Amino acid sequence: MDHTQMSWKEDNVLARLHNSVDNVTLAVGQALTNPTEQSIQNAEDMIERANRSVEMALESRGDMEPISTLQEQLHQNKERLNTLQ
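Predicted, not measured: the structure shown is a model, and the values here were computed from it.

Rules of the game
Residues numbered from 1 in each chain as written. Predicted model: local features only at pLDDT ≥ 70, side-chain atom pairs only at ≥ 80, totals over all residues. Heavy atoms only, no water. Helix = DSSP H or I, 4+ residues; strand = E, 2+ residues; numbered from the N terminus. Buried < 20%, exposed > 50% of the residue type's maximum accessible area, 1.4 Å probe, protein only. Salt bridge = Lys/Arg side-chain N within 4 Å of Asp/Glu carboxyl O. Expected span 1.5 Å × (residues − 1). Arc of directions from axis to C-beta. Core = buried A, V, L, I, M, F, W, Y, C linked by side-chain atoms within 4.5 Å. Contact = heavy atoms within 4.5 Å. Polar contact = N/O pair within 3.5 Å; in protein donor to acceptor, adjacent residues only side chain to side chain.

In terms of helices and strands, the protein chain carries three helices and zero strands. Along the protein chain, helices and strands appear, N-terminal first, in the series α-α-α. Taken along its principal axes, the extent of the C-alpha atoms in the protein chain is 50 × 15 × 15 Å. Taken across its 85 residues, the protein chain has 27% of its residues classed as buried.

Written as structure tokens, this is what we have:
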């Protein structure tokens, strides 16, 4: 595999992780605005999926700055959601 393919794959993984964390941020915002059981559960499910994705990215790519930044954002969202419980 050449460098261009590797770079594209890295960008693709980071873009998907970024989208996942952005979706978590939106879901947590919705849960905080309208704290129904469904909105809270949806945010928790999204956090769980995004967390698994970040963990897998860290395992396969190592501790890259963009991944650790996304992990921190995810952690902050989790803390915000925990204020409801």
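There is more to say, and it comes next.
Let us look at the pattern of salt bridges. Two side chains carrying opposite charge are able to pair once their charged atoms lie near each other. Counted under the stated rule, the structure contains one salt bridge. Here Glu 48 and Arg 52 are joined by a salt bridge, their closest N and O atoms 3.2 Å apart. Linking Glu 48 with Arg 52, this pair stays in helix α2 (residues 37-61), spanning four residues, or about one helical turn. Its relative accessible area of 49% is what places Glu 48 among the partly exposed residues. Residue classification places Arg 52 among the partly exposed residues on the basis of a relative accessible area of 48%.

Turning our eyes to something else, we now look at helix α3 (residues 65-82). The terminal C-alpha atoms of α3, which comprises 18 residues, lie 26 Å apart, in line with the 26 Å expected from a rise of 1.5 Å per residue. For α3, the complete set of buried residues consists of Ile 67, Leu 70, Leu 74, Asn 77 and Leu 81. Considered in projection along α3, the buried side chains sweep an arc of 80° and stay on one side of the axis.

On to the nonpolar core. Ranked by internal contacts, the top residues of the largest apolar core, which has 20 residues, are Leu 17, Val 24, Val 28, Ala 43, Val 54, Ile 67 and Leu 81. Secondary structure elements with two or more residues in this core: α1 (3-33), α2 and α3. Non-local contacts of Leu 17, meaning those with residues more than four positions away in its chain, are made with Ser 53, Val 54, Ala 57, Ile 67 and Leu 70.

Turning our eyes to something else, we now look at the environment of Thr 83. Tracing the sequence through the fold places Thr 83 in the segment after α3. Looking at Thr 83, the relative accessible area reads 59%, which means it is exposed. Taking the C-alpha atoms as reference points, Thr 83 and Asn 42, separated by 41 residues in sequence, lie 16 Å from one another. A polar contact of 2.5 Å, which involves the side chain of Thr 83, links it to the backbone oxygen of Arg 80.

Our focus in this paragraph is α2. One turn of an α-helix holds 3.6 residues; hence residues three or four places apart share an orientation. The first and last C-alpha atoms of α2 sit 36 Å apart over 25 residues, in line with the 36 Å expected at 1.5 Å per residue. Every buried residue belonging to α2 is among Ser 39, Ile 40, Ala 43, Met 46, Ile 47, Ala 50, Val 54, Ala 57 and Leu 58, and all of these are buried. One or two positions beyond α2, positive phi appears at Gly 62, with a value near 90°.

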